[in-house]
There are 2 protein chains.
Amino acid sequence: MKNQQTDSLPSHPIGVFDSGVGGMTVMRALMERLPFEDIVYFGDTARVPYGVKSVATIQHFTEQIAHFLLEKQVKLLIIACNTMAAVAAETVRRVSPVPVLDVIDAGARNAVATTRSGNIGVIGTPTTVNSNAYARSIHALNPKARVYSQACPLFVPLVEEGWLDHPVTRLTAHEYLKPVFVEQIDTLVLGCTHYPLLKPMLADITGNRMLLVDSAVSMAEQTAQLLDEMGLANPQREAPDYQFYVTDIPLRFQTIGERFLGRSLNKLDMVQL
Amino acid sequence: MKNQQTDSLPSHPIGVFDSGVGGMTVMRALMERLPFEDIVYFGDTARVPYGVKSVATIQHFTEQIAHFLLEKQVKLLIIACNTMAAVAAETVRRVSPVPVLDVIDAGARNAVATTRSGNIGVIGTPTTVNSNAYARSIHALNPKARVYSQACPLFVPLVEEGWLDHPVTRLTAHEYLKPVFVEQIDTLVLGCTHYPLLKPMLADITGNRMLLVDSAVSMAEQTAQLLDEMGLANPQREAPDYQFYVTDIPLRFQTIGERFLGRSLNKLDMVQL
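Residues numbered from 1 in each chain as written. Chains lettered and ligands numbered in written order. Predicted model: local features only at pLDDT ≥ 70, side-chain atom pairs only at ≥ 80, totals over all residues. Heavy atoms only, no water.

(A) Looking closely at the pattern of salt bridges. Residue and element names in this part refer to chain A. Scanning the entire structure with this criterion turns up 24 salt bridges over all chains. A salt bridge links D214 to K199; the nearest nitrogen and oxygen atoms lie 2.9 Å apart. On the criterion of sequence distance, the pair formed by D214 in strand β8 (residues 211-214) and K199 in helix α9 (residues 199-206) is long-range, its members being 15 residues apart. Residue classification places D214 among the buried residues on the basis of a relative accessible area of 8%. Each of the salt bridges in this network shares a partner with another, and the network as a whole consists of R28, E32 and R263. (Salt bridge = Lys/Arg side-chain N within 4 Å of Asp/Glu carboxyl O. Helix = DSSP H or I, 4+ residues; strand = E, 2+ residues; numbered from the N terminus. Buried < 20%, exposed > 50% of the residue type's maximum accessible area, 1.4 Å probe, protein only.)

(B) Region of interest: the sheet that holds strand β4 (residues 100-102) of chain A. Residue and element names in this part refer to chain A. Pairing is parallel across the open sheet formed by six strands, whose spatial order is β4-β3-β1-β2-β9-β10. Where the open sheet ends on each side, the last strands, each with one partner, are β4 and β10 (268-270). Pairs of neighbouring strands in the sheet enclose a mean axial angle of 20 degrees, with direction left out of account. Bridge count for strand β9 (residues 242-246) against β10 is three bridges, and the pairing is parallel. Bridge pairing in β10 links Y245 to D269. Seen against the sheet, helix α2 (residues 55-71) touches β1 (14-18), β2 (39-43), β3 (76-79) and β9 and runs at an angle of roughly 155 degrees to β1. (Pairing = 2+ DSSP bridges. Axes fitted to C-alpha atoms, helices over the stretch in contact; angles between N-to-C directions. Contact = heavy atoms within 4.5 Å.)

(C) Representation of helix α11 (residues 253-261) of chain B in the model. Residue and element names in this part refer to chain B. Those residues of α11 lying buried are F253, I256, G257, F260 and L261. Looking straight down α11, one finds that the buried residues subtend no more than 130 degrees of arc, so they occupy a single side. Elements that come into contact with the buried residues of α11 comprise α1 (24-33), α7 (155-161), β9 (242-246) and β10 (268-270). G262 lies just past α11 and shows a positive phi near 75 degrees. (Arc of directions from axis to C-beta.)

(D) Molecular detail of the packing of aromatic side chains. All chains considered together, the criterion is met by 14 aromatic pairs over all chains. Ring geometry for B:Y41 against B:F244: centres 5.8 Å apart, planes inclined by 50 degrees, an arrangement best described as tilted. Taken together, the residues B:Y41 in strand β2 (residues 39-43) and B:F244 in strand β9 connect sequence positions 203 residues apart. B:F244 carries the same exposure label as B:Y41, and that label is buried. Judged by centre distance (5.7 Å) and plane angle (55 degrees), the rings of B:Y50 and B:F61 are tilted. Of this pair, B:Y50 sits in the loop between β2 and α2 (55-71) while B:F61 sits in helix α2, and the two are eleven residues apart along the sequence. For B:Y50, a relative accessible area of 0% gives the class buried. Among the aromatic residues, those joined into a cluster by ring pairs are A:F155, A:Y176, A:Y195 and B:W163. A cation sits over an aromatic face here: A:R209 above A:F181, 4.4 Å from the ring centre. (Phe/Tyr/Trp six-rings, centres within 6.5 Å; stacked < 30°, edge-to-face > 60°. Lys NZ or Arg CZ within 6 Å of the ring centre and 35° of its normal.)

(E) Examining the UniProt feature "active site" (unreviewed entry) in chain A more closely. Residue and element names in this part refer to chain A. Those residues carrying the UniProt feature "active site" (unreviewed entry) are C81 and C192 in this numbering. The annotated residues occupy 112 residues of the chain but converge on a single region, no pair of C-alpha atoms lying more than 7.1 Å apart. Here C81 shows up in the loop between β3 and α3 (82-95). Each residue touching C81, except ones within four places of it in the same chain, is listed here: F17, D18, S19 and V103. As for its placement among the helices and strands, C192 is situated in the loop between β7 (187-190) and α9. Look at C192 and you get buried, because its relative accessible area is 5%. (UniProt positions renumbered as here; feature names shortened; annotations may be inferred.)

(F) Spotlight on the relation of the copies chain B and chain A. Mapping chain B onto chain A calls for a rotation angle of 180 degrees and an axial translation of 0.0 Å; the resulting RMSD is 0.0 Å. Overall, the copies show the geometry of a two-fold rotation axis. Residues of chain B ranked by C-alpha distance from the rotation axis are headed by B:R47, positioned 2.4 Å from it. A share of 100% of the interface residues of chain B reappears at the interface of chain A, consistent with the copies meeting face to face through the same patch. (Least-squares fit on C-alpha atoms with pLDDT ≥ 70 in both.)

Here it is as structure tokens:
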């Protein structure tokens with residue numbers, strides 16, 4: 001870390017983690033919303049995707065990652081992966097001495113603030129949807145809300161293929177969203193960190209019928225608020241430090257990573273857990 | 001194993017492994033072709049898919065699996081995963097005291113025997129295609145053959161979604177196969193263990209223009225031949241023993257596994273490597 005002389009908690013980095021590159025949509029939103037914060041990103045690219053694994057395995061992997069980032073002296077942990085947030089957020093909170101924010105809570109808060117009718121749609125991976133975590137978070141904030149969830153397992157591979165506005169992706173989206181559309185929802189939560197890359201196509205398909213809640217943007221907003229309230233905002237006014245750790249660097253990593261981040265990827269290290 | 005009294009090598013099981021459930025298409029072809037052989041299957045479901053990982057990581061994981069199966073006293077190792085066969089077959093052969101067969105070699109032999117024009121198409125995951133392993137195996141058998149390869153990264157998630165003959169899958173297949181079709185191939189190798197489930201749809205799209213080489217069937221044929229030549233065929237005439245080991249049992253495992261296997265899944269154990 002840079003601020004060795006003034007090693008107070010606010011000068012410490014934020015820790016962000018995901019099962020792979022998806023969380024870089026959250027990283028990108030944080031970089032834009034909080035341009036003076038140092039950020040350490042962890043992507044478990046050797047074991048991605050988590051959305052198809054069992055709950056016990058996801059909890060075990062998630063705890064390993066949280067320990068890794070806590071050793072990097074982070075002042076805040078952000079669970080940028082909806083699948084981990086859905087089934088392992090409590091596991092992280094149990095082991096973490098610093099505050100823990102997660103994308104599901106952030107997305108749920110934003111959805112409840114956005115909806116007028118109280119009818120909220122949620123799309124995500126099978127594990128996220130089966131966990132029912134969004135419905136629980138939304139109902140904890142507004143018991144009158146009605147939540148309609150739909151798993152969209154093909155959206156992640158479609159995004160990674162780069163088919164962000166391809167006829168195949170549109171046809172897949174129409175197929176997945178058919179049952180959601182009949183429910184008269186006015187708000188649709190993009191409950192997976194890959195989905196913000198499909199936002200232009202989804203906005204086109206859904207038209208003016210509903211608002212799309214981007215959990216990456218919601219997360220950045222919630223983080224800014226928390227840092228402010230807790231006096232944890234970084235006082236530095238120079239260019240921040242961004243460090244990326246991954247468990248594997250596959251062939252297409254650079255391409256996919258930069259597509260998610262919207263800028264070039266520097267300071268990338270491979271580690272084993 | 002059952003034949004404790006007659007514990008000679010032919011009575012030992014065959015070891016089959018894959019990064020996940022895909023290799024069960026090979027398992028199924030083996031069960032049908034060699035109905036007296038005991039088989040131990042290993043699927044690395046906690047770390048699947050391998051097709052998007054780096055070569056070093058795939059070699060490391062593959063070696064761990066080979067050691068696990070060798071401890072189970074297998075008489076033969078079958079690499080049922082194209083990605084592992086493409087980049088880690090030599091790693092397995094280096095550590096194995098028993099014969100090692102792999103799906104790429106089996107598919108290449110079948111393709112060379114099938115083609116009339118010498119123009120062969122190969123479809124597979126990005127890692128398999130980038131490795132150029134099919135082209136090398138085919139050219140080693142027939143230096144005059146011309147190989148046209150195409151990565152089809154969305155086929156695996158489409159099969160796992162169960163969209164085996166869905167408009168989205170057809171549109172995706174047309175998109176991927178367009179550059180292959182212009183090459184006047186007469187043989188198309190299904191270079192991924194997931195693809196045999198798409199065979200009816202692919203046969204419909206390709207019509208009578210080409211023959212499809214199913215590497216699972218090719219593998220079973222090659223195994224039968226090797227067991228016969230080496231005097232390793234199991235002499236038992238009772239129902240064989242099928243044991244499945246996986247590193248994770250996710251929610252949809254039973255459904256997907258049984259779809260691949262074409263029958264119910266018994267004797268399933270979860271292990272850690």
